[in-house]
Each structure stands twice: as structure tokens, then as C-alpha cells.
Amino acid sequence: MLILALKNLTRRRLRTALTLFGIAISVGVLACLLAFGKGYEAGLGRELNNMGIQMMLVPLGCPYDAAARVLKGKTLDVSLPAESVKTVRREVGVEIAAPMLMATLPRPSEGRTDLWVGVEESIRPLKPWWKMKEGSRWFPDENSVILGAEAANVELRQVGDTFFSPETGRKFTVCGVLERSGTSDDSQFFVPLATAQAMFRQPDRITAVAIRLKDPTLIGDVSKRLQEVRGAQVVTMAEMMGTFLNLIGSVRTLVLAIAIVALCISGLSVFNTMLSAVLERTRELGVLRAVGASRSQVFSLLTVEAVLLTTLGSAIGVILALLFGHFVELIVRFFVQIAPSEAFLILSREVIQDCFMVGIVVGLGAGLYPAWQASRLQPVDAIRAD
Amino acid sequence: MADSILVSAQGLTKVYNRGTEEVRALDGVTFDLQRGEFTAVVGVSGAGKTTLLHLLGCMDTPTSGELLIDGQSTRGLSDSALTRMRREQVGFVFQHFGLLPTLTVMENLTLPTLFSKKEAKAYANELLERVGLTHRRNHLPNQLSGGEMQRVAIARALINRPQVLLADEPTGNLDSANGEAILQLFHQLHRDGLTIIVVTHNPILANATQRQLVLHDGRLVP
Ligand SMILES: Nc1ncnc2c1ncn2[C@@H]1O[C@H](COP(=O)(O)OP(=O)(O)OP(=O)(O)O)[C@@H](O)[C@H]1O
Ligand SMILES: [Mg+2]
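These remarks concern the structure in this document. This is a predicted model, so every value here is computed, not measured.

Description of the pattern of salt bridges
Residue and element names in this part refer to chain A. Applying the stated criterion across every chain, the model contains 22 salt bridges over all chains. The salt bridge partner of aspartate 114 is arginine 107, with a shortest N-O separation of 2.5 Å. The partner of glutamate 167 in a salt bridge is arginine 107, and the shortest N-O contact between them spans 3.3 Å. Of the two residues, glutamate 167 is situated in the loop between strand E6 (162-165) and strand E7 (170-177) and arginine 107 in strand E3 (residues 94-107); the sequence distance between them amounts to 60 residues. When salt bridges that share partners are traced, they join Arg107, Arg112, Asp114, Glu155 and Glu167 into one network.

What follows is the structure, encoded as C-alpha cells:
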């Protein structure tokens, strides 16, 4: 039976190929989408946990936007008083509170904008992924700078180099260079907090306080108490991630809708393929009935054909997703700011199974009516039809 | 001997509706055929021969009248029961062979066993041998001559070991040499005890049979 169905499909090669192609594309999109959803959530969650930062104190305003900007190394227009760090440190649940001041330095002569970040030593445990290159040291004096890997590359600087920053009128010594980490840190200039405050004429101001708790389970209490700090608000990473995933979620819903429409269209093309196959083969189907095929056998033959078509299409779709998923990931990375640094488009076995399930369901859905039509043929109607 | 009657037609009538007009393709046809009889159905074009053969082969149901095969009435049988009759009792040879173009000779031959779920590899080989097409087993129908296709069709009709073989103009599309070969095959099958009914315009074939049923305008001419 299976062989019979398969042979029937090979008959109209072009039509079968087109139908297969349609299914393959929509299943491929679906596969990427499902894989993306799962991988992305898992990857982002892992990353935020690794960060060692559980919450952030940021100036009032759109909290998530602010936190996302800080995380991604962008500046905020507003700032906090430096005392807020002390307030945070007084809070019993807090293990580490690291103040940061971020400022952009336009470099019209170079055609780019540098991002300078003022930090204290307290930031180091919160950036566990930081690895310094050979010979690096933590700021020995106020005119030291630590360069991100990318920044060092662009500036053509190594540890020990000295350079003059005409925009700020200061002379810096490179005391350290970070290894590439795949995060936004790569392109940043790190200086002592006090230096940054002086450089950018923001005395006693900071942009954000990164916080690690002694006990992460107390996050709710601590954030409630810190919410009291004037002009500031607390954003927990869980909230951040939640909001962000919501955003991603709505994008996904949109793409999912597109994938479903695509699936419906390919379902229709399976329907069309099968229906015209039934019309074309009326006579042969009559022969089958005449030599003893029952209605249900003709019905299942046509259904098997449809499901075979969609299953084959799904297989091709999954293969396409495996082959080109990487590009999709690159595109997503390009458009989405916060993306996990490791690969997140992972075609797990579950995802592949889901895709095949969808393929089979579409095949059944699209094949039932043509199959039913075929099974209603009487042997004699079919024989005479020519 | 009542139980030697294999096929019994009683007042078989088939009316087709062509638009508003009614066509009485068969009109009260009554006859009995003995087990093992070799019968020809003859008549001018449009006399109702094909219609009769379809009724005998349970491909279609009569408007009125009754058909008994091996003593069993086919009146009021469900679609699945008629399917079982087609599968088990009759072998049908179509005028245009009715081979599936995508299947090889062997696959076409064993097609009915796919639905009856009977294993018949050995018998298929035997039949193929018998119709002289063993060397063609893996060929597709479009690689065969008309005579060869007809022989495959006959072999296929026999694969489920039917009680009666029905053939609609089996020599109609063949030259005389091939027609002769088919006739010899029928003779052999008849000698082996098979009941055969052929619709034919071919006088040689008709004269080779034991009995002729002559149809005219849907009625049996005595
Ligand atoms: N499906 C149908 N609908 C309407 N009329 C039909 C149908 N099938 C057959 N007829 C008519 O019934 C009559 C008998 O047809 P049938 O095919 O049985 O003739 P036949 O004896 O086999 O002729 P031929 O020798 O040309 O094959 C014809 O007048 C034909 O036009
Ligand atoms: Mg005819």
C-alpha cells in the first residue's frame, strides 16, 4: 500500500515537488520558530543567572528600558546621586553593590562614539566572565584605563601603552585589556569611577547600581525596601527577563501566525494536489475497486498518499532548518539587542517531533476530503469515466 | 443438478438516466450458467453486453431483477459485501486492460492480493508462467504489447482464484495472432474447470465457446 502511494506521488513530479517545497518552507519556519523560542528562553535565563547580578538600581523612568540600556552598555540621560550606593549597602540583604557611571564620548574625528564606564573594584565579582590579558592590572592610579577586547583592537593599544584623549584633555595609561567575551563589554572603556565622574563633569552622580544579594530568594523583600530610595527604582533581572521574553513572545506570536498561514496555504496545496490526483486517476481508482479494494482501502490509500507527502515535506523542512537555522540566528542577533551569547537556535528532538506531528496533521486534514471523494467512486463509474 | 448452477440471472434490468431520457440498457434478462461453462455474450454495439457483464461482476447493481452467484443472492448487499464478492468470486478483465501504469507486471498481477491480504507469490509466479510473461515480470505496462497487457490483465483476474472469469472484448484491441493466443489461454482455463463469460464481437472466439447469449436492445434473443 505504502509503495503504491509512493509510486503515485512520483507520477506528477513537478506538482509533487512544488507541494513538497511549500510544506518544507512552512515547516522549516515553524521549526526555527519553535527551536528559537525554547533555545532563546533557556539561553537568556542561563546568562542572566551567570551574570551574578540579581537586581539593578536605576533612575526613575521606564525601568526595563533603563536596565536594558545599562546591561547593553548604553547611557542614560538621567542619573542617581552617589549616596544611593551607600543606601543600598546599608540594606542587610545586599552582598555586593557596585556603582557604575556610563557616558558616551563622541569622537567626530574617528567617526564613532566611545562608551566609557566608571567602575569600582566591586564590579569584578559581578562580571565573572571578565578575563584579563597578560600583564593586565586593576587600576593602579586614576589615569588608568582597562579596554574591552574590541576597543583595544580599534585603538591599536596594548597593555602599557599611553594615549591622550583630546576630547577630555586627559592622558591615560592602558593598565589592562579584557579578553573577548561576546558581551557589550568588549567595546567599552573602563576607568575608575571617580575618574569618570571628573571626566564627564558628573561629580557624585552614578548611572546605576548593580546588586548581588546574599540570598537570592530574598529578592522580593529587598527590592521592595530599595524601591524607597528617592529618584530611583529597582529592576530585578527576573522582571527584566520576563519583560524581555514578553516582547520576544509577541514577536514570536506574529511569526507563528505567519507560519500558520503558510502551513494553511501548503495544506491547501496538498488538498489541491490530492483532489486533482483523484480526478485524474478516477479510472485507476475504479480498477482498484473492481479488483477488490474496499471503500476504506481506497480511502486509506489516498490518505496515506497525503500524509506521505506532508511527512516528506516536513523532513525536508527540518533539514532546511538544520542547514539554514544558523543564518536565522545571525539575523535575529542582528535585530535583537539582548541575545544569549551561545547558540540558541537548537533543534531539539522535541522540536523535530513537533514539526513532524504538524506535518502529519496537515496531511490528514488536507487529505481527508479528497480521500473521501475517492472512496465514494463506484467501480463502474470509474471504469466508464473516459 | 441445481447446485451446478454458478450464475443465475433473473429478470436483470438496468435503466440509465440520460438527462430526462431513460435508457433501458438491459431489460429482463434471465439465464442460468453451469459451473465450468464457457459462454460468449454477443450482440450489436449498444445491445447492453458491457452493462450485463458489469452486473455479473458486481461492479454495478441492477435496477430490478436478481443475480445469484454460487447460490447467493446479491440483492441488497452492502458495498462491502459487494466488494467481497468482487474480490473472492469474480475475476474481471477490462476491455482496456486496466493496468496501473506505475506498477510493474508483477505488482499489477498481485494488486488484488494487496486488498484481500492473501499471500500469493507462488501462485503469481505460476500464473505468470502460464501466460508466458515470466521474463517480463519487472516491466512497466507501457513497455508491453497489447497482447501482453491483456495476458497480464487475465492473470490478475485469476490471482484470487475466482469462481468465474468475466472478460469484456478481450480480443477487441488485439491482432489475430494475439487474439488466437488469448483464445488458447481461455481454452486451457476452461479445461481446468474455470467458468468463463466473454463479451465479444470476434466470431472465432464466439464460436469457440459452448454457449452463446445473444443480446439485442437489452433483451436476450432466444
Ligand atoms: N452510464 C451510462 N449512462 C447512460 N447510458 C448508458 C450508460 N452506459 C451505457 N449506456 C447505454 O446503455 C446501452 C448499452 O450499453 P453497453 O455499454 O452495455 O453496450 P454494449 O453492448 O457493451 O456496446 P458495445 O459493443 O459498443 O460495447 C447503450 O445504449 C449505452 O448508450
Ligand atoms: Mg461494451
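What about the environment of A:Arg11?
Of note, A:Arg11 is situated in the loop between helix H1 (2-9) and helix H2 (13-50). C-alpha separation for the pair A:Arg11 and A:Ala277, spaced 266 residues apart in sequence, amounts to 9.8 Å. The residues touching A:Arg11, leaving out its near neighbours within four places in the chain, are A:Arg281, A:Glu284, B:Pro101 and B:Thr102.

Some details on the sheet that holds strand E10 (residues 208-213) of chain A
Residues and elements named next belong to chain A. One open sheet holds the nine strands; their spatial order is E6-E7-E5-E8-E4-E3-E10-E1-E11, and the pairing between them is mixed. Looking along the sheet, the strands with just one partner apiece sit at the ends: E6 and strand E11 (232-236). Between one strand axis and the next, the sheet turns by 35° as a mean value, whatever way the strands run. Where E3 meets strand E4 (residues 112-119), eight bridges bridge the pair, whose relative direction is antiparallel.

Regarding unusual backbone geometry
Residues and elements named next belong to chain B. The backbone of phenylalanine 97 sits at a positive phi, close to 70°, despite the residue not being glycine. Relative to the assigned elements, phenylalanine 97 resides in the loop between strand E6 (90-93) and helix H3 (105-116). Using a relative accessible area of 9% as the deciding quantity, one classes phenylalanine 97 as buried. We note that lysine 117 has phi near 55°; this positive angle belongs to a residue other than glycine. Mapped onto the elements, lysine 117 comes out in the loop between H3 and helix H4 (121-130).

Section: the packing of aromatic side chains
On inspection of all chains with the given rule, the structure shows 10 aromatic pairs over all chains. Their ring planes at 55° and their centres at 4.7 Å tell us that A:Trp138 and A:Phe139 sit as a pair that is tilted. Neither residue differs from the other here; A:Trp138 and A:Phe139 are each classed as buried. What links up through ring pairs into an aromatic cluster is the set A:Trp116, A:Phe163, A:Phe172 and A:Phe189. If you follow B:Arg161 out to its NZ or CZ, it ends over the ring of B:Tyr123, 3.7 Å from the centre.

Quick notes on a nonpolar patch on the surface
Residue and element names in this part refer to chain A. Together, Ile319, Leu323, Phe324, Phe327 and Leu330 line one region of the surface with nonpolar side chains, adding up to about 510 Å² of accessible area. Note on placement: isoleucine 319 falls in helix H10 (residues 295-335). What makes isoleucine 319 partly exposed here is its relative accessible area of 46%.

Some words on the interface of chain A and chain B
On the side of chain B, 25 residues touch chain A, which itself brings 23 residues to the contact. Of the roughly 2,200 Å² buried between chain A and chain B, counting both surfaces, carbon and sulfur atoms make up 62%. Across the contact surface, chain A and chain B share two salt bridges. Across the contact surface, chain A and chain B share seven residue pairs in polar contact (both at pLDDT 80 or more). Counting only elements with at least two residues in the side of chain A that touches chain B, the list comes to H1, helix H9 (282-290), H10 and helix H12 (379-384) of chain A. Here the element with the most residues in the side of chain A that touches chain B is H9(A); it accounts for six residues. Looking at side-chain class alone, the side of chain A that touches chain B contains 11 nonpolar, five polar and seven charged residues.

Digging into the pairing of strand E5 (residues 144-147) of chain A
Residues and elements named next belong to chain A. Judged by which residues are buried, E5 turns out to be covered on both faces: Ser144 and Ile146 on one side and Val145 and Leu147 on the other are all buried. Where E5 meets E7, four bridges bridge the pair, whose relative direction is parallel. Opposite leucine 147, over in E7, you have valine 177 as the bridge partner. When E5 meets strand E8 (residues 188-192), the two strands line up antiparallel, connected through two bridges. Looking across to E8, one finds that leucine 147 is bridged to phenylalanine 189.

Section: the state of the cysteines
Residues and elements named next belong to chain A. As enumerated under the stated definition, the model contains zero disulfides over all chains in all. Free of any disulfide, cysteine 32 has its nearest cysteine sulfur in cysteine 355, 8.7 Å distant. Using a relative accessible area of 12% as the deciding quantity, one classes cysteine 32 as buried.

Conventions adopted
- Residues numbered from 1 in each chain as written.
- Chains lettered and ligands numbered in written order.
- Predicted model: local features only at pLDDT ≥ 70, side-chain atom pairs only at ≥ 80, totals over all residues.
- Heavy atoms only, no water.
- Salt bridge = Lys/Arg side-chain N within 4 Å of Asp/Glu carboxyl O.
- Helix = DSSP H or I, 4+ residues; strand = E, 2+ residues; numbered from the N terminus.
- Contact = heavy atoms within 4.5 Å.
- Pairing = 2+ DSSP bridges.
- Axes fitted to C-alpha atoms, helices over the stretch in contact; angles between N-to-C directions.
- Buried < 20%, exposed > 50% of the residue type's maximum accessible area, 1.4 Å probe, protein only.
- Phe/Tyr/Trp six-rings, centres within 6.5 Å; stacked < 30°, edge-to-face > 60°.
- Lys NZ or Arg CZ within 6 Å of the ring centre and 35° of its normal.
- Patch = residues over 30% accessible without salt bridge, like charges linked within 9 Å, V, L, I, M, F, W, Y side chains within 5 Å.
- Areas by Shrake-Rupley, 256 points an atom, 1.4 Å probe, with all protein chains shown as cover.
- Buried area = accessible area lost by both parts, 1.4 Å probe.
- Polar contact = N/O pair within 3.5 Å; in protein donor to acceptor, adjacent residues only side chain to side chain.
- Nonpolar A, V, L, I, M, F, W, Y, C, P; charged D, E, K, R; others polar.
- Disulfide = S-S within 2.5 Å.

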